[in-house]
Amino acid sequence: QVQLVESGGGLVQPGGSLRLSCAASGSIFSLNVMGWYRQAPGKERELVATITSGDSTVYADSVKGRFTISRDNAKNTMYLQMNSLKPEDTAVYYCNVRWDRPYRSSKYDYWGQGTQVTVSS
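Residues numbered from 1 in each chain as written. Predicted model: local features only at pLDDT ≥ 70, side-chain atom pairs only at ≥ 80, totals over all residues. Heavy atoms only, no water.

Participant: Looking at this structure, I do not really get the packing of aromatic side chains. What am I missing?
Facilitator: Aromatic ring pairs are reported here in terms of the distance separating the ring centres and the angle at which the planes meet. Within this structure, the stated rule accounts for three aromatic pairs. Here Trp99 and Tyr108 contribute two aromatic rings whose centre-to-centre distance is 5.2 Å and whose plane-to-plane angle is 15°, an arrangement assigned as stacked. Since its relative accessible area comes to 8%, Trp99 is described here as buried. By relative accessible area, which is 25% here, Tyr108 ends up partly exposed. These aromatic residues form a ring-pair network of at least three members: Trp99, Tyr108 and Tyr110. Positioned over the ring face of Tyr94 is Arg45, at 3.8 Å from the centre of the ring. (Phe/Tyr/Trp six-rings, centres within 6.5 Å; stacked < 30°, edge-to-face > 60°. Buried < 20%, exposed > 50% of the residue type's maximum accessible area, 1.4 Å probe, protein only. Lys NZ or Arg CZ within 6 Å of the ring centre and 35° of its normal.)

Here it is as C-alpha cells:
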C-alpha cells in the first residue's frame, strides 16, 4: 500500500511563510510525478505545483514566484516552501503521487490526508 503523510500546515499572518512536507512510502514506481493541490471550502480542488522524479516543475500562476516545490528522491519526501502568503492561499493542501504504465493501460494515483493552511491576521 502507498501512504502519503503530510505535515507543516498551520496558521500564518499575511506575508508570512510556511513549509509543507510529504513523506511517501510503499510500492511507488521510481518514475513518477508528485504534486501539491489545495481545496478551499465550496471550491474545486486545484493544482498548486507538481514535480517529476527528474525535477521538472509546474506551478499554478497564482503561486508562481512565491512557492517552491522540491523533492528528495532518496527519502521519498516532497516539500512546498510557501512565501509571501496571502489570505487567498487559505485551503487544505493535499499531497499526491501518480504514475502510469501504458503497456498495462493502467494508472496509479494516491493522495495524502491533507493539511490545513490558514492565512489570516
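Participant: How should the pattern of salt bridges be read in this particular structure?
Facilitator: Close approach of charged atoms allows side chains of opposite charge to pair. Throughout the structure, instances matching the rule amount to four salt bridges. Of the charged contacts, one joins Asp89 and Arg38 as a salt bridge, the two residues approaching to 3.0 Å between their closest N and O atoms. With a gap of 51 residues between them, Asp89 in the loop between strand S8 (77–82) and strand S9 (91–101) and Arg38 in strand S4 (residues 33–39) connect regions that are remote in the sequence. Each member of the pair, Asp89 as well as Arg38, is classed as buried. Put simply, Lys64 and Asp61 hold a salt bridge, and the shortest N to O gap is 3.1 Å. Ionic contacts of the salt-bridge type, sharing partners, join the residues Arg38, Glu46, Arg66 and Asp89 into one network. (Salt bridge = Lys/Arg side-chain N within 4 Å of Asp/Glu carboxyl O. Helix = DSSP H or I, 4+ residues; strand = E, 2+ residues; numbered from the N terminus.)

Participant: For this particular structure, what's the right way to read the state of the cysteines?
Facilitator: Linking two cysteines covalently via their sulfur atoms produces the bond known as a disulfide. The tally for this structure, following the rule as stated, stands at one disulfide. For Cys22, the disulfide goes to Cys95, at an S-S distance of 1.9 Å. Since a negative S-S torsion denotes a left-handed disulfide, the Cys22-Cys95 link at about -70° is left-handed. With Cys22 in strand S3 (residues 18–25) and Cys95 in strand S9, this pair connects stretches of sequence that are 73 residues apart. Summarising the burial analysis for this pair, Cys22 and Cys95 share the class buried. (Disulfide = S-S within 2.5 Å.)

So yeah, pure geometry; function would need other evidence.
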